[in-house]
Every structure is written in C-alpha cells, then in structure tokens.
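Chain residues, written in single-letter form:
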There are 4 protein chains.
Amino acid sequence: MHKIKQLIKAGVIGATGYAGAELVRLLMLHPNIIVEGLSSVTYEGQNISEVYPNLKGICDLKLDAAHDIIPRCDVIFASLPHGLSEEYAQLCSDAGKVFIDLGADFRLDDQMVYEKWYGVKHKYPTLHNKSVYSIPEFHRAAVAAADIIANPGCYPTGIALGLAPAIINKIVETDGIIIDSKSGVTGAGRGLSQNTHYPDTNEAFAAYKAGEHRHTPEIEQTLSKLAHTDLRVVFVPHLLPVNRGIESTIYCKMNGCIHFDDIYSAYETMYKNEPFVRLQKKGAYANIKNVRFSNYCDISLHTDAHTETLIICSVIDNMVKGAAGQAIQNMNIRFGFHETVGLLTVPPAF
Amino acid sequence: MHKIKQLIKAGVIGATGYAGAELVRLLMLHPNIIVEGLSSVTYEGQNISEVYPNLKGICDLKLDAAHDIIPRCDVIFASLPHGLSEEYAQLCSDAGKVFIDLGADFRLDDQMVYEKWYGVKHKYPTLHNKSVYSIPEFHRAAVAAADIIANPGCYPTGIALGLAPAIINKIVETDGIIIDSKSGVTGAGRGLSQNTHYPDTNEAFAAYKAGEHRHTPEIEQTLSKLAHTDLRVVFVPHLLPVNRGIESTIYCKMNGCIHFDDIYSAYETMYKNEPFVRLQKKGAYANIKNVRFSNYCDISLHTDAHTETLIICSVIDNMVKGAAGQAIQNMNIRFGFHETVGLLTVPPAF
Amino acid sequence: MHKIKQLIKAGVIGATGYAGAELVRLLMLHPNIIVEGLSSVTYEGQNISEVYPNLKGICDLKLDAAHDIIPRCDVIFASLPHGLSEEYAQLCSDAGKVFIDLGADFRLDDQMVYEKWYGVKHKYPTLHNKSVYSIPEFHRAAVAAADIIANPGCYPTGIALGLAPAIINKIVETDGIIIDSKSGVTGAGRGLSQNTHYPDTNEAFAAYKAGEHRHTPEIEQTLSKLAHTDLRVVFVPHLLPVNRGIESTIYCKMNGCIHFDDIYSAYETMYKNEPFVRLQKKGAYANIKNVRFSNYCDISLHTDAHTETLIICSVIDNMVKGAAGQAIQNMNIRFGFHETVGLLTVPPAF
Amino acid sequence: MHKIKQLIKAGVIGATGYAGAELVRLLMLHPNIIVEGLSSVTYEGQNISEVYPNLKGICDLKLDAAHDIIPRCDVIFASLPHGLSEEYAQLCSDAGKVFIDLGADFRLDDQMVYEKWYGVKHKYPTLHNKSVYSIPEFHRAAVAAADIIANPGCYPTGIALGLAPAIINKIVETDGIIIDSKSGVTGAGRGLSQNTHYPDTNEAFAAYKAGEHRHTPEIEQTLSKLAHTDLRVVFVPHLLPVNRGIESTIYCKMNGCIHFDDIYSAYETMYKNEPFVRLQKKGAYANIKNVRFSNYCDISLHTDAHTETLIICSVIDNMVKGAAGQAIQNMNIRFGFHETVGLLTVPPAF
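Along every chain, residues carry numbers that run from 1 in the direction the sequence is written. Think of it this way: whatever chain is written first is A, whatever ligand is written first is 1, and the rest follow in order. Two thresholds apply to this predicted model, a pLDDT of at least 70 for residue-level local features and 80 or more for giving and counting side-chain atom pairs, whereas whole-chain, interface and lining totals are computed over all residues. Side-chain calculation: all heavy atoms of the structure are included, whereas hydrogens and water are not.

> Requested: an account of the sheet that holds strand S12 (residues 277-279) of chain A, with residues and values cited.
Residue and element names in this part refer to chain A. If you walk across this open sheet you meet the 7 strands as S9-S10-S8-S11-S14-S13-S12, and the pairing is mixed. Of all the strands in the sheet, just strand S9 (206-207) and S12 have a single pairing partner and so form its edges. In this description, contact between two residues means that some pair of their heavy atoms is separated by no more than 4.5 Å. With axes taken as lines fitted to C-alpha atoms, and helix axes fitted only over the stretch in contact, angles between N-to-C directions fall between 0 and 180 degrees. Segments assigned H or I by DSSP are reported as helices when at least four residues long, segments assigned E as strands when at least two residues long, and all are numbered from the N terminus. Packed on one face of the sheet, helix H9 (residues 215-227) meets strand S8 (177-183) and strand S10 (233-239) and runs near 135° to S10. Pairing between two strands requires that DSSP report at least two bridges joining them.

In structure tokens form, the structure reads like this:
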C-alpha cells in the first residue's frame, strides 16, 4: 500500500519538448505538486521561461541535467523520443521513485512487436515486467500499484475510449474497423520540419503514414484485450492545421441489427461515472474545440442505417488527455489523490 | 454537331454566392468568353466589385435580374440553392441557350431519390430527360451534345475520380466502401451561420451529417454506374478550418490479393491522358495545398497489407474542380473548345 | 467597509455572448464564487451547455431572465450591448447588489462625449456619479469601495498599461501618440457578420474604423488623467485572423534624449509588484501567444534612436484581461479577496 | 533600343526558395517566356516538382547548377540571400544577359549604408553603377534600358506606393512618418525556424526588428528621392499568421489643413492609369485578401481630423507585387512587352 502524501515533488525529463512544456503548465496548477526539477539536453543551463516565455513569472526554473533532478523528486515524468526512457526508468526504479513515461518505450507488451515498429530492441527487458500501461478509465486498479507507468499514445487514447463500449458489449464486429484520425500540429512536436513550417502547413491537409503509423500496434493491443480476441484495424492519421486536438472518426460494422438507443445506453452506462468522458447528446457531433486545453474526451455516436455501420467520433486534446493530462491523471491514482485533482480546467469556448 | 464559335457570351445567375463569384473569376481569364451578364437577388443594382472588391478594375459589371441576362447570353451558368434552377433551365431551353447548373436540381436521375433527399419534387420533370450529368473525365461524349448540363457536387467529383479505376477494374469489392471527407469552409457557402463564424470554426474540427449528407445518393449513383451494380457507401463529411479544398480518404476491401504495382498501373493507365488528374508518385500523399485555385484532382494510393485494404486519397479545390472550374470544363467540351482552355492555372505552392 | 465573505453568489446577465461565456468559464474556477444565475434573451429557457458544449458537465445551468437572477446574487456581471446596462445597474443599486458592467455605459465620465460617440444619451445620469471605472492597476483604491464598477474596454486596457509609465514619468511627449492595434476575432463578438464569416476573415487582414473607433475617447480619458493634461491620440484598430489577443504597437516621441535603460527602469519600478503585468526582457517582443487564456498583460519596449521614438508593444487576451478576467480582478478587490484569486491560470505555450 | 523578341528564355537561380518558386509559377503563365533553366544548391539534380508537388505535370524541370543555366537564357532572375547575387550579375553582364535580382545586393545606392545594414561590403562595386532599382510605377524609363535590375524589397514596395502621392504633392510633412507593417509568413522564406514552426506561429502575433529591419534604409532611400530631401521613418514590421500579404498602415502629419477630397484626388490623378494600383473608394479599407496571388497594390486613405493625421493603408501580395510579380513587371518593361503581360491574374475572393 502506498502512503498518501499531501505534497510530492515532481520532475520532468525533456521539459522543453511540447509534451514536457504542457506537463509543466499543468503541474503548476496542481495543488499537491511541487515542480522540483526540469531537464533539457538542448537548453540545459537556461531558464525554462526563456524557452517558453508564456511561463515567465510563473515557472522560472533552471533547466538541469536529467541525472541531477531524479534524486530530488518523488515522481519523474519523462517525455523523450523512443529508446531514451528505459535508462531513466531503471535509475528511478533503483532509487525507489515513481516513473511515468510519456514516450513509447513501455507501451507495447510484445518486444518483437516493439522491435518491428520502432526498429530497436528494448535494452532493459526485465524492467518491462514491472511497468503498467494505463488509460485510467480501463486500468485504474493496476496503475495504483505501479512504479513504472506507460502513458498511452495520443491517438490510441481517443480511439480506445471511443471504441471500448462497442467492443466490450459486442455491438460491433471486431473485423474491419476503420479509423480515420486527424491531429493538430503540436502532435508532431517542437522539432522543425518542412512539413510543419507554417506556410506549408497552413491551408493544407493530407494523410500521412497510412497503415504505417507506430500507434497502430498500440491501438490493436488495447482493443484486442478489450475484445478478448486478436483484432486488426486500419488506421490512417492526417495532419490538421490547428494547434491542438485529435478527432477520430471510427467506422464499424454493427453486429446484426441493434437499435441506436441501445448502443447509446451502453455508452451511457459505461461512462456515466467517468469524470473525463463526455458522451454527446444524440445528434450532436464531438468537436475538438470543446475539449481543447482540457482532459476531456468527448464522444458522439452516429449510425448509417443503409449500410449498418456504427460511426463513432472521438475527440481529445492531444497534449492533455493525449499526453500531459493523462500522465497527471495516472499520477493522481498512483499517489492516492483524487483522479481529477489539478485537471478540472474548463475548456474555453473559443 | 455544334459549330465552334470563337467568342461566346456567358451569364451567371447567382453571381454573388461563392461558386458564382469563383465562376466570374475564372471566366474573366477565359480567352473565348465574354462575361455578358451577372445576376443576384440580394445585390441587384449594385456592382459585383462592390460585393467582391477583389474584382475591382477587373470586372465591375452591374448585377441584374436573372431574366434580363438570359436573352443576351449563349451560355448561362446557374449557382443557386436547390429547387431554383429548373425554372431558368426551362427558360434557357425555350430560348435555345446552353444551361449549366451548378446546383443540385439535375444531378439525380431518380425523381423519388431527389424528393427523398431534398424534400421537394421536380417541377419540370420532362426537362430532366434532356439534361446530362457530367464529370468530364467520364461523360465527355454525352456532354458534348447536351443543352442542359448538371455540374456535379464537390464531394462526388473527387470521390468518383478517386474510386473509378478501382471499381472499373474490379480491384475492390463494391460492398463496404467507407468515405471520410474533409471540406474547407467555402463549401458551406457565403451565407452566415454560427458554424462558420470565425471564432467557432478556427481551431475546431468535427464531422457533420454523418450518413445524411445529400451528396450520398449522387456518389452512389455515379459509382453504381461505374460498377454496373447498385452499391452503397458510408459517407461522412467533416468541416476543415481552411478556405478551400476537399480531401477524401477512401477505404475499400481489396478483391483478393492484388499487387500494389498492378493497382497503381490501373490508375496510371486510366488517367495518363487526363489533363486534370494527377496520380501522385508511390509513397507521396495527395495534399489539398497542391491543387488549390486549380482544376486538378490529385490522387494517391496506399495499401494496408495486414487488413487487405486499399486506401485512396483524393483532393480537389472544392470551388474549382468541385464547382466553377468543372463547369467551365463542361462548357469547353460543349462548345468545342479545348477542354483545358482557361483552366491552365498553376496552383500556388503556398 | 465591506465585510469579507468566504463565498459569494454571482450572476451573469448576457451569459451567451462571448464575454459572458468567458466569465462563466473563469467564474467556475473561482474558489469563492458560486455561479448562481445566468441570463440570456436569445436562449432563455435553454441550458448554457447546449449553447456552449464546452461547458457540458461543468456548468449546465438553465438560462433565465435577467430580472430573475438579480435577487439571488451578491454580484451581477452584465455583458450587454451599450445602452442596456444602466437599467440593471439601477435595479442592483436599489437592491444593494454589486454591479460590474463589461459594457460601455459607465466608461465615459462626460455624458456629452458618450452621446457623441454612442449616439444615445444616458438614461440614469445620477447613477454615473456612483460608478467607478477601474483598470485595477491604476484604480484599486476607488474600486474597493464601489458598487457600480465600469470594466474597461479591451483596447483601452492594454494601451493604458503600455503607456502609463512613459506618461507618468514624462518620458514621452503627450502630443502625437500613435496607436496601431490588432485584435483577434472574438473581439467582434458572437454575432454573425460577413466580416467575421470564416472564409472572409481567414487569410485576410485590414484596418477598420481608423480614427473612429468608440474606444478612442476612453483611451484619451484614461491617458489624459495619467498625464494631468488633455491629450489626443491616433487610434487605428485592425482585425487579426486569430481567435484571441490584442497587440498594440504604440509610437511616442521621446521627451528629449533619454537612455533606454532609464525608460526600462521606470517600467520595472512601476510594475515590479503587479501580479498581472510582465515586462519583457530587453530585446524580446511581447507576443499575444504568451498571454492567451490568461489575465496577463505583457509589455516590451523598443527605441528607434534615429527618430527618437519610443515603441511600446503591449499584448493582452482581449477576453480575459480585456474583459472577463479584469472584471473578476475588480470583483476580487471589491469583495476583499486577493486580487489574483481564480485568475492564476498558466497561459499555454501553444 | 532593345529589340522586341516574341519569345525569350528565362532562368531562375535559387528556384526552390519561396520567391523562386513563385517566379516559376508566374513565368509558366507568361506567353512570351520559355522557362529554360532552374537552379538550386540544396536540391540540385532533383526535379522542381519533387520539391514543389503543386508543379507536377506543369513544370518538371531538373534543377541544375547556376552556372549551367546562364548561357542558355536571355534573362536570369536571382532569388538568393544577400551577398550571393553580385557574382551572377557579373557573369550575366559579361555574357550580355539581362539580370534581375530579387535579393538585396543592388537595392541601396550608398555602399556605406549597405555595409552598415548588411554587415558585408559589395564585392563588385563598379557593377552597381550599371544597375537600376525599379518600382515600375516610378522607374519605368530607367528600367527599360537596364541590364542589371534591382527588384525592390516587399515592404518598401507597398510603402512607397502608399506614400508617393502624399509626398510628391506635399500633402504630408516629411518628418515623423510612422509605418506599422504586418507580413504573412512566406515573407520569412522557406527556411525553417522556431518562429515559423506552425504551432508557434498560429494564433500568435508580435512585432519584430522594430527600428532595425534591413528594409528601413531602402524605404528611406526611395521616399527621400520622391521628397527631394532626406527623410527618416519609423518602421516596425510584425509577423502575421497568414501565408501571403503585407498590410502597411502609415501615419503622417498633414501639411496644414487639407480637405480629404483633395488628398483623394491627388491619389486618383497619380494612379488612374496605373494597371496595378487600385485606390479604394472612400470609406473602404485595403485588405490583403483582395490582392492575394495578384500583382495589385490596393490603397485606402483615411484621416483622423482631431489630430490632423493622414492614415494610409497599403496592401500587396508579398510574393507577387512584393517579389516575383514585380520582377516580371520589370522584365516586361525591359524587353518591350506590355507591362501587364502574364500578370493579369484575378485575385480570388477567398
């Protein structure tokens, strides 16, 4: 059993990437957290508010080396490119710290699958037995006892929340699920690329990595567990010219003739007590603008009767529920805080 | 046979709607056209360049009543809400003028289907026997002899061009086609609505009319003819925060195991002589930014091997190939001009 | 003297306009506030979260008539078109409620000036003797004792904060001040207009109401008081294609040869203890992106030596420091709360 | 006297920068031009349409080395960072080719001024005696006989066109001119920077290089010649989150009391025969959206009577009239084509 502390010290490794910066923003608002240390390889020695002037006067911490901040903290968040988190997980494990990884290293159970999609092997394979992958809505019990927490990818989060009630209640066939996702540009991170250069991105729209995105095995892993059978999905992401938000439109073949009201009820039942999932009223469409800057996942349901297709629209803020917010939600559970502490922001209307 | 005239006089009914204004812009660049008359109910008596200052010094025509411009023109384009074109088609037919309708009145063959989706009956049913629906790439022969031309809807154009080679060559199953489309905001027209108010649209994204959009029967009509069998599609449009452009990502079950190169070849073969269809090289993705302000349809092909799915990305400028440009392309064919005259603009890179 | 209550009940008249909706968002986060009643003429009887789905599950209050909510509240915020607030101010005054007006009715001291710019007369002239106009940084003492509080306009707020230290310290001449402001589209409100229709606003930029904007007399009134002399400014606003934020670039003739460091020090001195004013380090530029969704005003200073001009860049979020946030800041002072309570949000980096 | 050729061969050095790519786009539409060669250091050996897929099927030329294309062309356009054009100018001069420089090397008359602002010296000083700086509206005669043509900077073009009638007619004082400009992001070029990374630029707005932008001496040089006296201006550019367009709002002290109608007439008189300058009707505001993708400069005039200030709003497309279009306009004059050939595009309304 974990003792509930009133105040814990948090550190962020990779604090100047977009997910790291969003973590800092949200942690500053958390009543039980002291942001104790931030690290950055690129900007070590500078002040975080020089890199992110929005934080000026709010968080002016100096950026340290990762190794220096671990000993000072109770919980370490890492937001790093894949392949770089394991080492810090090991250090934290040795030092008895809770480690929450926003990267991909601990997301996939099967090392072969990880190697196939990421092109590298796990370096600390035994560590993975101790790690828990957690979308809190599905994995609360496990994450409460975990010391290495794998925070899910942005696309898989919204998609799993959108599909879970349909799969668990056998409303849809597990074959032939099509997922068409659109992500705001922060999803591509802070690193520069021609593809995210303003004049190339603005007034543009295209798919990318159709059938080849690394979130595909993570989506299939989560859904297969919910379905208790191996399933495969078609997953095509698109780059959307907005800063934040992911919308996934999901197409499933209905399992025979089910009344829409029954489908809707299954979703209502599953999510009625979830603080961060909001089922839209019938006829409304989930819109990314209603969840921006918040930890909500909004879901709307639609059917195409003439093809017996269930259409699920699921939206999240990719930086919050899809990254930093969900990481804090996991931390809250792990440390025995109420799951919503620090996350009850009100999404702006505009 | 139609005599080729060097110079013809064109009129636009509904010139101050978005499609009308785009027609004016493109017709001004056409070497064989004199823009003779423009009509608008809302702005009658004003100068078009007062409503659209971009046209100042380029086209400063006064906006007349529709009935006044028909007698002065050889060809009349109408860009009106559904239910309002038939009357003008009848007048043009009586007066021996060519009528090109950018609205929905003449798009659907089956009057019952029209009534079901549009909620009104055709008023001049016999007129519909004379009208020809034309995506020029498929209907060149017919449109060359037509005096009432139904210009296709924006979504159906890009979708039909994207799917035709796959359907005609039986590359994909005709069952279970899923079409996820995203349209720029000009697609909603010039009329004001909360949904297209800048702060509500900017940084927003959502689906709308899932399975209920009026372009659904038009898409099915075109594809069914190509397939020589009745087929049904799932069609879900989304509102995209850009001014122009439609991207459709189309998911089809492959008909057995077909090599990607053979699929690609089928598309190459079908479109190699088409001036306005550009098959993207393998690995590239069709992007709306490359077709904006032009009559091109760019298509890219992708397969998801692990689910045997063909993924087709098709992009057009909804105002050009999806409306005004295609109308001029149809006019060119009808009047014996080269199909590309006036349409060889170069899409800007940014 | 006012008794400090732990919890007060607040009502918003005009809750479905943009400033009203932003008030609701911010009030929900305020630990000392119970949002007791909301009114809307247009949407009376509906739930606020039907109009603003971002509030779903957070604030689902029914929209009442204005008259019904006043008796239930301790403080009433009104966000209404000019000419409509006075009546409610009178009702609140009679009932002993604090009234905070986000509209223009109580902003101008001189009734002749009000009439000249707004085209109507004050209906309750005696009420104006009791009202206090408050940019809290300048008017803390007065607002603490006021029962009718005039919340400043968005443009005047950022401009006055940007110019005050230069004027008070006689760094600049009071003649010839030029103010070039750019406002995000929420500044135009929720009402529909061609000018704020997405395709007309996106990828567009222009000035409007040059020398004729109604905030001009308010700016001059505030600056004249700071300068202890009547001054006139040139004020030209522009519509900026973003949702939120106002940037004002202010040009002043320096009063003789003053060293930049001395100017900078004067600003530092004046604002060093202000919780919501952040002077940018030398060489940096105030950017609207760093204050969005927050009550901050960021200011940067620049000089053009070869013309002896001081250039001041001032940015605020027009909906927060320029409207709802400042109203809450005023309320905090009036009710004896710490001025920053409920307003310590962290502006996001993206 | 130059012989008028029907068809000339053009080359572009630096064809993959933004101005270069825009030149290619516009030259493709020019009836008297054959695009003979394109060069790029970064992409040498690749096809231009691989770098710019919008050109696919329209211009698929291979990118060569600069030295290889000069001998094959009659006119060479160079779009390069400062300091790199002189060498090619010398080569062209030696080979008897016309050289049009879109860069800064030949814009400033005074070598000391060039060195002060650009930090390097001219390498071929004698070459500068032969070069002609040309905003065609002011320098037609000179450019017709020039073999080295300096194409003006984007900001200076719109500003000079906006101010010229006021200065020439002594409507305004030459002292104290304030220029507040806002440029779309293409003005920053194709090179990547944090400042033009989509999530950092979108929903952002700030000034940059206040009083320090390199276009300042060019603006002052042009205006001083028009005024026949040395004048100084305050020039502050801002980065505007749109792809294209520059708006400059210019503030001038009126020379005594002049009636607005007389000012307006002076502008009308000066520009009535200019094909690319459009004076807006009284009360209207020049908006970048009306000139995008075109060579127009739209100008609107406003006065602030209470401060005797003339406010001039001037808009251009920075890539066309501010770069590639104006370069072609200069070429047309130099080669004896009608000045408007290839440039009569119609700016789109949206």
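Now that the structure is up, let's keep going.
> Tell me about the interface of chain C and chain A, residues and numbers included.
Residue-level contacts link 35 residues of chain C with 35 residues of chain A. Buried area: the sum, over both parts, of the accessible surface (1.4 Å probe) that disappears when the two are put together. For the pair chain C and chain A, the summed buried surface comes to about 2,800 Å²; carbon and sulfur atoms form 62% of the total. By definition, a salt bridge exists where a carboxyl oxygen of Asp or Glu is found within 4 Å of a side-chain nitrogen of Lys or Arg. Joining chain C to chain A, the criterion identifies 2 salt bridges. Across the salt bridge formed by Lys 281 of chain C and Glu 50 of chain A, the nearest N and O atoms sit 3.7 Å from each other. Between N or O atoms, a polar contact is any pair within 3.5 Å; within protein, one atom must be a potential hydrogen donor and the other a potential acceptor, and residues adjacent in sequence are included only when both atoms are from side chains. For the pair chain C and chain A, the interface holds 14 residue pairs in polar contact (both at pLDDT 80 or more). If you tally residues by element for the side of chain C that touches chain A, the top one is helix H1 (residues 18-28) of chain C, at 5 residues. Following the grouping adopted for this structure description, the nonpolar residues are Ala, Val, Leu, Ile, Met, Phe, Trp, Tyr, Cys and Pro, the charged ones are Asp, Glu, Lys and Arg, and the polar ones are all others, Gly among them. Each residue belonging to the side of chain C that touches chain A can be placed in one class, and the counts come to 19 nonpolar, 7 polar and 9 charged.

> Before we move on, can you summarise the relation of the copies chain C and chain A with the specific residues and values?
Residues reaching a pLDDT of at least 70 in both copies supply the C-alpha atoms on which the copies are superposed by least squares. The operation relating chain C to chain A is a screw motion whose rotation component is 180°, with 0.0 Å of axial translation and a residual RMSD of 0.0 Å. When the rotation and shift are considered jointly, the pair of chain copies conforms to a two-fold rotation axis. Most of the interface of chain C is mirrored in chain A: 100% of its interface residues are interface residues there too.

> Talk me through the packing of helix H6 (residues 136-143) of chain C against helix H11 (residues 320-334) of chain C; I want residue IDs and the actual numbers.
All names here are of chain C. Direction vectors running N to C along H6 and H11 enclose 35°, while the axes themselves pass 10 Å from each other. The handedness of the crossing between H6 and H11 is right-handed. Two secondary-structure elements touch here, H6 through Pro 136, Glu 137, Arg 140 and Val 143 and H11 through Lys 321, Gln 326, Gln 329, Asn 330, Ile 333 and Arg 334. For the contact of H6 with H11, the class distribution of residues is 3 nonpolar, 3 polar and 4 charged. Take the far helix as your reference; a near helix turned counterclockwise from it by less than a right angle gives a left-handed crossing, and one turned clockwise gives a right-handed crossing.

> Residue-level account of the environment of Gly 322 of chain B, with values.
Residue and element names in this part refer to chain B. For Gly 322, the location among the structural elements is in helix H11 (residues 320-334). A simple rule labels every residue: compare its accessible area, found with a 1.4 Å probe on the protein chains alone, to the largest value its type can have, and call it buried under 20%, exposed over 50%, or partly exposed in between. Look at Gly 322 and you get buried, because its relative accessible area is 5%. Contacts of Gly 322, omitting those with residues within four sequence positions, involve Pro 152, Gly 153, Cys 154, Ile 316 and Asp 317.

> Tell me about the interface of chain B and chain A, and name the residues and values.
The interface of chain B with chain A comprises 44 residues on the first partner and 44 residues on the second. For the pair chain B and chain A, the summed buried surface comes to about 3,500 Å²; carbon and sulfur atoms form 60% of the total. At the junction of chain B and chain A, the tally comes to 2 salt bridges. Between Asp 180 of chain A and Lys 182 of chain B there is a salt bridge, with its nearest N and O atoms 3.3 Å apart. Across the chain B-chain A interface, the total number found is 22 residue pairs in polar contact (both at pLDDT 80 or more). The residue inventory of the side of chain B that touches chain A, partitioned by class, reads 22 nonpolar, 10 polar and 12 charged.

> Quick rundown of the relation of the copies chain B and chain A? Include the residues and the values.
Once turned by 180° and shifted 0.0 Å along the axis, chain B lies on chain A with an RMSD of 0.0 Å. Taken together, the interface assignments show that 100% of the residues at the interface of chain B recur at the interface of chain A, consistent with an identical surface on both copies.

> Kindly report on unusual backbone geometry, identifying the contributing residues and their values.
Within the chain, Phe 293 of chain A stands out as a residue other than glycine whose phi angle is a positive 65°. Looking at the element boundaries, Phe 293 of chain A is found in the loop between S12 and strand S13 (297-304). Residue class for Phe 293 of chain A comes out buried when judged on its relative accessible area of 7%. The phi angle at Lys 209 of chain B is positive, at roughly 45°, despite the residue not being glycine. Topologically, Lys 209 of chain B is positioned in the loop between strand S9 (206-207) and helix H9 (215-227). The class for Lys 209 of chain B is partly exposed, based on a relative accessible area of 43%.

> I'd like a rundown of the pattern of salt bridges, residues and numbers included.
If you walk through the whole model with that rule in mind, you get 72 salt bridges over all chains. A salt bridge links Arg 72 of chain B to Glu 36 of chain B, with the shortest nitrogen-to-oxygen separation between them at 3.7 Å. Of this pair, Arg 72 of chain B sits in the loop between helix H3 (66-69) and strand S4 (75-78) while Glu 36 of chain B sits in strand S2 (residues 33-39), and the two are 36 residues apart along the sequence. On the basis of relative accessible area, Arg 72 of chain B is assigned to the partly exposed category, the value being 33%. The partner of Arg 72 of chain B in a salt bridge is Asp 64 of chain B, with the nearest N and O atoms 3.2 Å apart. Here the salt bridges do not stand alone but share partners, grouping Asp 180, Lys 182 and Glu 247 of chain A together with Asp 180, Lys 182 and Glu 247 of chain B into one network.

> Provide a residue-level description of the nonpolar core, including the pertinent values.
What is meant by a nonpolar core is a set of buried Ala, Val, Leu, Ile, Met, Phe, Trp, Tyr and Cys residues, joined one to another through side-chain atoms within 4.5 Å. Judged by nonpolar contacts, the single largest core of 256 residues is most densely connected at Phe 77 of chain A, Phe 77 of chain B, Phe 77 of chain C together with Phe 77 of chain D. Aside from chain neighbours lying at most four places away, what touches Phe 77 of chain A is Ala 10, Gly 11, Val 12, Ile 13, Leu 23, Leu 27, Ile 100, Leu 102, Ala 327, Ile 328 and Met 331 of chain A.

> Report on the state of the cysteines, specifying residues and quantitative values.
Residue and element names in this part refer to chain C. Any two cysteine sulfur atoms within 2.5 Å of one another count as a disulfide. Tallied over the entire structure, the rule returns 0 disulfides over all chains. Looking at Cys 252, it has no disulfide partner, and the nearest cysteine sulfur is the one in Cys 313, 11 Å off. Judged by its relative accessible area of 1%, Cys 252 is buried.

> Any chance you could break down the environment of Arg 278 of chain A for me, citing the residues and the numbers?
Residue placement: Arg 278 of chain A occurs in strand S12. Residues Arg 278 of chain A and Tyr 296 of chain A, 18 residues apart in the sequence, show an inter-C-alpha distance of 7.0 Å. Not counting the four nearest positions on each side in its chain, Arg 278 of chain A is found in contact with Asn 290, Val 291, Tyr 296, Cys 297, Asp 298, Ile 299 and Pro 347 of chain A together with Pro 53, Asn 54, Leu 55, Lys 56 and Ile 58 of chain C. A distance of 2.9 Å separates a polar atom in the side chain of Arg 278 of chain A from the backbone oxygen of Asn 54 of chain C.

> Before we move on, can you summarise the packing of aromatic side chains with the specific residues and values?
Classification of ring pairs rests on two measures: the distance between centres of Phe, Tyr or Trp rings, Trp counted by its six-membered ring, which must be within 6.5 Å, and the angle between planes, read as stacked under 30 degrees, edge-to-face over 60 and tilted in between. Going through the model one piece at a time under the given rule, you end up with 32 aromatic pairs over all chains. Measuring from ring centre to ring centre gives 4.2 Å for Tyr 18 of chain A and Phe 350 of chain C, while their planes differ by 40°; the resulting arrangement is tilted. Of the two residues, Tyr 18 of chain A sits in helix H1 (residues 18-28) while Phe 350 of chain C sits in the segment after H11, which places them in two different chains. Owing to a relative accessible area of 3%, Tyr 18 of chain A belongs among the buried residues under this scheme. Taking the ring centre of Tyr 296 of chain B as reference, the NZ or CZ of Arg 278 of chain B above it sits at 4.1 Å. We call a charge positioned above a ring when the Lys NZ or Arg CZ atom is no farther than 6 Å from the ring centre and deviates by at most 35 degrees from the ring normal. Stacked on the ring of Phe 335 of chain C, the Lys or Arg Arg 334 of chain C has its end atom at 5.1 Å from the ring centre.

> For the pairing of strand S2 (residues 33-39) of chain D, give the residues involved together with the corresponding values.
All names here are of chain D. A large share of S2 lies buried, amounting to 5 of its 7 residues. Sheet topology note: the strand S1 (residues 8-13)/S2 ladder contains 6 bridges and is parallel. Looking at S2, one finds that Val 12 is bridged to Leu 38. Look down the strands so they point away from you; if the path from the first strand over the helix to the second goes clockwise, the crossover is right-handed. Note that the unit made of S1, helix H1 (residues 18-28) and S2 has a crossover that is right-handed. Summarising the sheet, S2 and strand S3 (residues 63-64) pair through 2 bridges and their orientation is parallel. Following the sheet pairing, Leu 38 is matched in S3 by Leu 63.

> Any chance you could break down the side chain of Ser 183 of chain A for me, citing the residues and the numbers?
All names here are of chain A. Assignment of secondary structure puts Ser 183 in strand S8. By relative accessible area, Ser 183 is classed as buried at 4%. Dropping the residues within four chain positions of it, Ser 183 is found in contact with Tyr 155, His 238, Leu 239, Leu 240, Gly 245, Ile 246 and Asn 318.

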